[in-house]
Amino acid sequence: MNTAEMIQTVLGLIAVGGIGGVWFRLGSLTAKTDGLERRVTRLEEHQRRSVIA
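Presented here is an overview of the structure given in this document. (Residues numbered from 1 in each chain as written. Predicted model: local features only at pLDDT ≥ 70, side-chain atom pairs only at ≥ 80, totals over all residues. Heavy atoms only, no water.)

### What about the overall build of the protein?
In plain terms, the rule: The numbering of helices and of strands both runs from the N terminus, where a helix is a DSSP run of H or I of at least 4 residues and a strand a run of E of at least 2. Radius of gyration: over C-alpha atoms. The globule rule applied is 2.2 Å multiplied by the number of residues raised to the 0.38 power. For every residue, the accessible area obtained with a 1.4 Å probe (protein chains only) is divided by the maximum for its type, and the residue is called buried under 20%, exposed over 50%, and partly exposed between those limits. Residue exposure ignores everything except the shown protein chains as possible cover, and the areas themselves are Shrake-Rupley values with a 1.4 Å probe. When charges are counted, Lys and Arg contribute as positive and Asp and Glu as negative, whereas His and the chain ends are disregarded. The location of each charge is read from NZ of Lys, CZ of Arg, CG of Asp or CD of Glu.
Tallying secondary structure elements over the protein gives one helix and zero strands in all. For 53 residues, the compact-globule estimate of 2.2 N^0.38 gives 10 Å, and the protein exceeds it by more than 25% at 23 Å. Seen through its C-alpha atoms, the protein measures out along the principal axes to roughly 75 × 10 × 5 Å. Counting only residues that meet the buried cut, the protein has 2% of its 53 residues in that class. Carbon and sulfur atoms make up 67% of the accessible area of the protein, which amounts to about 5,000 Å² in all. Within the protein, the 5 negative side-chain charges are centred at a point lying 9 Å from the centre of the 7 positive side-chain charges.

### A closer look at the pattern of salt bridges
What counts is decided by this rule: Any carboxyl oxygen of Asp or Glu that lies within 4 Å of a side-chain nitrogen of Lys or Arg is treated as forming a salt bridge with it.
Under the criterion given, the structure shown has one salt bridge. For the salt bridge of Arg49 with Glu45, the shortest nitrogen-to-oxygen distance reads 3.7 Å. Of this pair, Arg49 and Glu45 both sit in helix 1 (residues 3–52), four residues apart, roughly one helical turn. Residue Arg49 is classed as exposed on the basis of its relative accessible area, which comes to 54%.

### Some points on a nonpolar patch on the surface
Put simply, the test is: Only residues whose relative accessible area exceeds 30% and that form no salt bridge are eligible for patches; like-charged ones are grouped when within 9 Å, while nonpolar side chains (Val, Leu, Ile, Met, Phe, Trp, Tyr) are grouped when within 5 Å.
Together, Ile19, Val22, Trp23, Leu26 and Leu29 give the surface a local cluster of nonpolar side chains, amounting to about 540 Å² of exposed area. Locating Val22 in the fold gives a position in helix 1. Its relative accessible area of 45% is what places Val22 among the partly exposed residues.

In structure tokens, the structure reads:
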């Protein structure tokens, strides 16, 4: 393996790691958004019940 191939391999690994990190962050953000939506829905239901009662 020559120097150019080694550099290419290292850069490829860094790129794959970066893409994986981005997907991980997007997944975390999506999970947080879903959790927030659930909380808002529960709050809205609670408010509706309070108004009706």
